[in-house]
Each structure stands twice: as C-alpha cells, then as structure tokens.
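Here is how the chains run, residue by residue.
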Amino acid sequence: MVTRRGLLTGLAASVLLPRGGSAAGVVDLTWADLLPEGQPWVPPLLQEFIDHSGPSMSDQQPASTGVRTDWNGQTVRIPGFVLPIEHRGTGVSAFILVPYVGACIHVPPPPANQLVFVTPETPYQSGGMFEPVRVTGRFGVTTVSTQLAEVGYAMAAERIDPIAL
C-alpha cells in the first residue's frame, strides 16, 4: 500500500533527479527568482492587506502564472519559513517553505510558484510554526496539492539551517 508520504517522496524524487549531470555547486535563489520572467514580485508588506473575513484561505490562493524550470535537478539554497505538513515522531517530515510569515494560515496562500514542498532526508526538529530557515537540496518543478494550498515546486532537503532574525 502506498502512503501519502511515500507517494509525495517518490514524486519529488522523480522530479528532482538530474537530467544529464549535476550542478557544480549550490545555486542561491530568492523568491523573485521562482517567478516567470517579467512577473512582478509583491513584497510581504503589501501582502498583509488582505481581507480575512472572506472564504477559506486556500480558496483565496491566486492563480499561478507559471513556474521556472531553470534549476530542475540542481542543488539550490533558498530562505523561507517552515509551515509543517507532516510529522514523524517529534520531527517535521514534510513542510511547505513559504516566503513570509503567516502564508497559507493567517493570510491566503501565495501563488503555487511561490511555494516549495520540502521533504527532508530525516525529520527536521523545527523550532515551531513559521520558523525562519535556509533550505539546501535538490530542486524541481512539480504540482503538489495539500489541504492548505497548491504548490509549484518541490525540494529534497539535504540541509536545513535555522536563520536568526
């Protein structure tokens, strides 16, 4: 029997396998890098002006305008905030990396091209919801549906480092 975690891990692994060689080094990405060329990035300050009295947060997710395939199969590093999806023991075994605090919970989720589904090699001992981290690992384009949002990217995390703000 295939579990949800097994299915997601398999999906992420198939998407993240390198195509004809691996990258020499780590590529540092920003959230703006994940948007298609020419699409403006909305800073978190402006994202706070959202009506919380409307429908559920996931129903308010804006449509994604596409994803970038530039870093498929490469090792990348990107900062963000941990939104736990699955736990194993005391650790987080899957999470959505989001660009700003409150995304998907307190405010509507960003578009799918601004969310990364992360599966760590071993469960991550998170410091709490929306912990700021820098994640390094194999990166790729995929579609993952969760109860909180549609996600456009996946990452098999090799390293997760907390960030002091």
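Residues numbered from 1 in each chain as written. Predicted model: local features only at pLDDT ≥ 70, side-chain atom pairs only at ≥ 80, totals over all residues. Heavy atoms only, no water.

Enquirer: Just give me the short version of the pairing of strand 2 (residues 75-88), but keep the residues and values in it.
Expert: For strand 2, the tally of buried residues reaches ten of 14 residues, placing the bulk of the element in the interior. Pairing of strand 1 (residues 27-28) with strand 2, which is carried by two bridges, proceeds in the parallel orientation. When the bridges of strand 2 are listed, Asp28 appears paired with Arg77. Here strand 2 pairs with strand 5 (residues 132-145) via seven bridges, running antiparallel. What sits directly across from Gly80, in strand 5, is Val133. Here strand 2 runs beside strand 3 (residues 91-98); their pairing, made up of seven bridges, is antiparallel. Bridge assignment links Phe81 to a residue of strand 3, and that residue is Val98. Linking two consecutive strands that pair antiparallel, namely strand 2 and strand 3, is a turn of two residues; a positive phi of about 65° is found at Gly89 within it. (Buried < 20%, exposed > 50% of the residue type's maximum accessible area, 1.4 Å probe, protein only. Helix = DSSP H or I, 4+ residues; strand = E, 2+ residues; numbered from the N terminus. Pairing = 2+ DSSP bridges.)

Enquirer: Describe the environment of Ile163, and please don't skip the residues or the numbers.
Expert: Summarising the element assignment, Ile163 is placed in the segment after strand 6 (150-162). Residues Ile163 and Gly80 lie 83 residues apart in sequence; the distance between their C-alpha atoms is 9.1 Å. Excluding residues within four positions of it along the chain, Ile163 makes contact with Pro79, Pro132, Val133 and Arg134. (Contact = heavy atoms within 4.5 Å.)

Enquirer: Tell me what's going on with the pairing of strand 3, and back it up with residues and numbers.
Expert: Counted residue by residue, strand 3 has eight buried out of eight residues, so it is predominantly covered. Here strand 3 pairs with strand 4 (residues 116-120) via three bridges, running antiparallel. Pairing of Leu97 across the sheet is with Val116, part of strand 4.

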